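# Commentary on secondary and tertiary structure
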Amino acid sequence: MQWKLLSMVGVLGLAGCQVVPDRLPQAEPGPDPACHFVSEAADPLAAGVEVLTEWGFSLDASDADLGLVSASRSSELLAYDPWQDLNGWYGGGTRVFGSIGLGSRGGFSTGVMLGYGGIGQQPTEVERVTLLVDENEVRVSRDIRRFDQLGELREARSASDAGFCQRLDQAMAAFSQEPSQGLSQEPSQKQEAAP
């Protein structure tokens, strides 16, 4: 009976050891200054929607009154190796379960199961872009998330870089000037250098 009481006190003592973060999470790195620009497009919101849809994004949410557009696109990562970004030996889709039991009549049993799941599913990368338009002033936010073959988030980062935002600004300006000419194609994410 004493060992139950002592173990209960130990568990309650450890439960109070949780640490509170000293600051709230922030997007790191922050958006590049080029992602806040004055657009030359006659209607930046409509031009932004047209450019993003032509680049292969699908609209997730929009509110014309607020000047907000959110769009995303996903692609399969064919050469993604989850073993490269292991967080300890447990990562990469490996799942280990085990148990040990003692019986009252001297019996002893143990068991271990080891498995690697997600065969046949492809890891994916989801790129999300949000535009906030106030008259001709445009703010762009872009992030990239990678999911492994089990659908678990493996990497998330802010990708609001100068190159993407400048290409978006130029394509929006070109759309409003000559909508019948079509837009320049956005290079795929795999061609861009990872920061």
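Quick look at the state of the cysteines now. Applying the stated rule across the entire model yields one disulfide. Covalent S-S linkage joins Cys35 and Cys165, the inter-sulfur distance amounting to 1.9 Å. Disulfide Cys35-Cys165: torsion about the S-S bond near 85°, hence right-handed. Residue Cys35 is found in the loop between helix H1 (2-15) and strand E1 (36-38), and its partner Cys165 is found in helix H3 (residues 162-177); the two are separated by 130 residues along the sequence. No difference in accessibility class separates Cys35 from Cys165, as the two residues are buried.

The next thing to look at is the pairing of strand E8 (residues 153-158). Relative to E8, strand E7 (residues 137-147) runs antiparallel, the two being bridged by five bridges. Looking across to E8, one finds that Arg145 is bridged to Ala156. Where E7 folds back onto E8 in an antiparallel hairpin, the turn is made up of five residues, including Gly151, whose phi is positive at roughly 85°.

The next thing to look at is the packing of aromatic side chains. Evaluated as defined, the whole model comprises one aromatic pair. Residues Trp55 and Phe164 carry aromatic rings whose centres are separated by 5.8 Å and whose planes lie at 65° to one another, so their mutual orientation is edge-to-face. Residue Trp55 is located in the loop between helix H2 (44-54) and strand E2 (58-63), and its partner Phe164 is located in helix H3; the two are separated by 109 residues in the primary sequence. Classification of Phe164 as buried rests on a relative accessible area of 0%. Over the aromatic face of Phe164 sits the side chain of Arg142, whose NZ or CZ is 4.3 Å from the ring centroid.

For the rest of this paragraph, the subject is the nonpolar core. Of all hydrophobic cores here, the largest spans 23 residues; its most connected members are Leu52, Trp55, Leu131, Val140 and Leu168. Every element with two or more residues in this core is listed here: H2, strand E3 (68-76), strand E6 (124-134), E7 and H3. Ranked by the residues each element gives to this core, the list is headed by H3, at six residues. Once you skip the residues sitting within four places of it in the chain, Leu131 turns out to touch Gly48, Leu52, Gly67, Leu68, Val69, Val138, Arg139, Val140 and Leu168.

Nonpolar side chains collect at one region of the surface, where Leu66, Leu68 and Leu132 lie side by side and expose about 260 Å² of accessible area between them. Along the polypeptide, Leu66 turns up in the loop between E2 and E3.

Below, the discussion takes up the confidence of the model for the protein. Here the protein averages 75 in pLDDT, and 61% of its residues register 70 or above. Contacts from residues 179-183, a stretch scored under 50 in pLDDT, to residues over four places away or in other chains number seven contacts. In this model, residues 188-195 is a region of pLDDT below 50 whose contacts with residues beyond four sequence positions or in other chains number 14 contacts.

Definitions and limits used
Counting restarts for each chain, with residues numbered from 1 along the sequence as it is written. For this predicted model, a pLDDT threshold of at least 70 governs which residues receive local features, and a threshold of 80 or more governs which side-chain atom pairs are given and counted, while totals over whole chains, interfaces and linings are taken from all residues. By convention in this description, side-chain values take in all heavy atoms of the structure and omit both hydrogens and water. By definition, disulfides here are pairs of cysteine sulfur atoms that lie within 2.5 Å. Helix and strand labels come from DSSP, where a helix needs a run of H or I of at least four residues and a strand needs a run of E of at least two; each type is numbered from the N terminus. Burial classes follow relative accessibility: with a 1.4 Å probe on protein chains only, a residue under 20% of its type's maximum area counts as buried, one over 50% as exposed, and anything between as partly exposed. At least two bridges found by DSSP between two strands are what make those strands a pair. Classification of ring pairs rests on two measures: the distance between centres of Phe, Tyr or Trp rings, Trp counted by its six-membered ring, which must be within 6.5 Å, and the angle between planes, read as stacked under 30 degrees, edge-to-face over 60 and tilted in between. A ring is scored as having a charge over it whenever the NZ atom of a lysine or the CZ atom of an arginine sits within 6 Å of its centre and within 35 degrees of its normal. Each nonpolar core is a collection of buried residues, namely Ala, Val, Leu, Ile, Met, Phe, Trp, Tyr and Cys, held together in the definition by side-chain atoms within 4.5 Å. Contacts are assigned to residue pairs with any non-hydrogen atoms lying within 4.5 Å of each other. Residues with no salt bridge and a relative accessible area higher than 30% make up the patches, which join like charges within 9 Å and nonpolar side chains (Val, Leu, Ile, Met, Phe, Trp, Tyr) within 5 Å. All accessible areas in this document rest on Shrake-Rupley with a 1.4 Å probe, and a residue is counted as covered only by the protein chains that are shown. The term salt bridge refers to a side-chain nitrogen of Lys or Arg lying within 4 Å of a carboxyl oxygen of Asp or Glu. By definition, pLDDT measures how confident the predictor is in each residue, and it falls between 0 and 100.

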